[in-house]
Amino acid sequence: MPAVPQRTGVAVRCVNVVQIYTTAGGHDVVALRGVNLDIRPGEQVALLGPSGSGKSTLLSLFGGVLRPSAGKVIVDGQDISRISEAELGRLRSGTVASLLQGAARNLLPYAGAVENIEFARRAVPTAVRRRLLPATELLERLGLRDLADRPLVGMSGGEKQRIAFAAAISSGAGLLLADEPTSQLAHDDRDAMLELIHLVNREFGTTVVLVTHDPEVAQQMPRSITIRNGRIGSEGRHGFDFGVVDEDGTVHIPDDLAGRFPAGMLVRFEPTDDGVLLVPVDEPGSDDGGHA
Ligand SMILES: Nc1ncnc2c1ncn2[C@@H]1O[C@H](COP(=O)(O)OP(=O)(O)OP(=O)(O)O)[C@@H](O)[C@H]1O
């Protein structure tokens, strides 16, 4: 087995990140309203949440496509608000791999996988490119050797998406950002894509952040983060749901319990031997806390 030529996984950190877009009509849209988040090197994270909640905006910040309006986004130790345009360009072409929606449409249709990988690598600085695995070897490591020599025309949608994936990670990036990578795929192809993502994470230690609307996809990731209205809503880890405490002490309740805690409800915090119980109170002043 050759030495791992990819970068190992990189860390991502958000500190109180606010993102405001100004529309063509001059209106401000607050897309993110104070996001605090730590993603460790080599983690695999799914971002879930309703349409318009801010998932793609977060991905654009991690990829150095946007700079935050306020707060800090730190990718691989670099504060993307402060680095120069040239450093941002290097981050986009070397540190980060982006698999955007419809990525397969940007492949060369009459070329095969090897040429597509070489084409995708043209933005990678020559010194870095020399250290990368040759395209055929990369395809071998990804279990895609059988697709290497066939032109893309004639391949199925799932096969093209796997080539798009190989092209995206072929820069040797340490952070893979994938926006709905399975949304257009049938079940088998969806599972094959997820297996590829896990494989790259295992083999190269690549940090993975993917956006999905599909709870089944999120369940296959060790960590899932729900974004609600521009904030971190709740987290799931290895099948368990957790509320998240925000900087101002706000506790975000997991989705499946949120309906049982209507806004304005009073709750009592009751210390126990091994933690604190959160007890809904029906009538302030009475001792019998109701149970949600
Ligand atoms: N370029 C832009 N100009 C103005 N507003 C924008 C822009 N991009 C996103 N927004 C707004 O920012 C908010 C967050 O959008 P974002 O695309 O990040 O959400 P999302 O969770 O990824 O949604 P979806 O799941 O539909 O892709 C939305 O209100 C959206 O309309």
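Residues numbered from 1 in each chain as written. Predicted model: local features only at pLDDT ≥ 70, side-chain atom pairs only at ≥ 80, totals over all residues.

Per an unreviewed UniProt entry, the recorded name for the protein chain is ABC transporter ATP-binding protein, and the organism is Nocardioides iriomotensis.

Novice: What should I look at first to understand the site of the ligand in this one?
Specialist: By nearness alone, every residue bordering the ligand is listed as Tyr21, Thr23, Val29, Ala31, Gly49, Ser51, Gly52, Ser53, Gly54, Lys55, Ser56 and Thr57. Secondary structure elements with two or more residues in the shell around the ligand: strand E2 (28-39) and helix H1 (55-62). For the shell around the ligand, the element with the highest residue contribution is H1, accounting for three residues. Looking at the shell around the ligand, its residues break down into three nonpolar, eight polar and one charged. (Near = placed C-beta within 6 Å. Helix = DSSP H or I, 4+ residues; strand = E, 2+ residues; numbered from the N terminus. Nonpolar A, V, L, I, M, F, W, Y, C, P; charged D, E, K, R; others polar.)

Novice: When you look at the nonpolar core in this model, what are you seeing that I'm missing?
Specialist: Buried together is how nonpolar side chains tend to be arranged in soluble globular proteins. The biggest cluster of nonpolar side chains holds 61 residues, and the ones touching the most others in it are Phe62, Ala166, Leu175 and Leu176. In contact with phenylalanine 62, not counting residues within four places along its chain, are Val12, Val73, Val75, Leu175, Leu177 and Val209. (Core = buried A, V, L, I, M, F, W, Y, C linked by C-beta atoms within 7 Å. Buried ≥ 20, exposed ≤ 12 C-beta atoms within 10 Å, placed from the backbone. Contact = placed C-beta atoms within 7 Å.)

Novice: What is the right way to read the environment of serine 93 from this model?
Specialist: With respect to the helices, strands and loops of the structure, serine 93 is situated in helix H2 (residues 85-95). With near-sequence residues (within four places) excluded, serine 93 lies in contact with Ala123, Val124 and Ser171.

Novice: Even after reading the chapter, I still don't get the sheet that holds E2, so can you show me in this structure?
Specialist: Paired through their backbone hydrogen bonds, the strands of a sheet run either parallel or antiparallel. Reading across the sheet, the four strands line up as E2-E1-E4-E5 and stay open at both edges, with antiparallel pairing between neighbours. The open sheet has two free edges, formed respectively by E2 and strand E5 (78-79), since each of these has just one partner strand. In terms of strand pairing, strand E4 (residues 70-75) meets E5 through two bridges, oriented antiparallel. Bridge assignment links valine 75 to a residue of E5, and that residue is glutamine 78. (Pairing = 2+ DSSP bridges.)

Novice: Explain the packing of helix H6 (residues 157-169) against helix H7 (residues 187-204) to me, please; I cannot follow it from the model alone.
Specialist: Between two packed helices, what matters for the description is the angle formed by their axes and the separation of those axes. Here H6 crosses H7 at 15°, and the two axes come no closer than 10 Å. Taken as axis vectors, H6 and H7 run roughly parallel relative to one another. Considering how the two elements wind past one another, H6 and H7 form a crossing that is right-handed. On the side of H6, the interface is formed by Gly158, Gln161, Arg162, Phe165 and Ile169, while H7 contributes Asp189, Ala192, Met193, Leu196 and Val200. Looking at side-chain class alone, the contact of H6 with H7 contains six nonpolar, two polar and two charged residues. (Axes fitted to C-alpha atoms, helices over the stretch in contact; angles between N-to-C directions. Parallel < 35°, antiparallel > 145°, perpendicular 65-115°, else oblique. Left-handed = near helix turned anticlockwise from the far one by under 90°.)

Novice: Mind showing me how you'd approach the confidence of the model for the protein chain here?
Specialist: In low-pLDDT regions, the fine details of the predicted coordinates are not to be read closely. Averaged over all residues, the pLDDT of the protein chain is 88; the fraction at 70 or higher stands at 95%. Two numbers describe this predicted complex: its pTM, 0.88, and its ipTM, 0.97. (pLDDT = per-residue confidence, 0-100.)

Novice: When you look at the pairing of strand E3 (residues 44-48) in this model, what are you seeing that I'm missing?
Specialist: A regular strand places its side chains on the two faces of the sheet in alternate fashion. When you tally the buried positions in E3, you get four out of five residues, the bulk of the element. In terms of strand pairing, E3 meets strand E9 (residues 223-228) through four bridges, oriented parallel. Opposite valine 45, over in E9, you have arginine 223 as the bridge partner.

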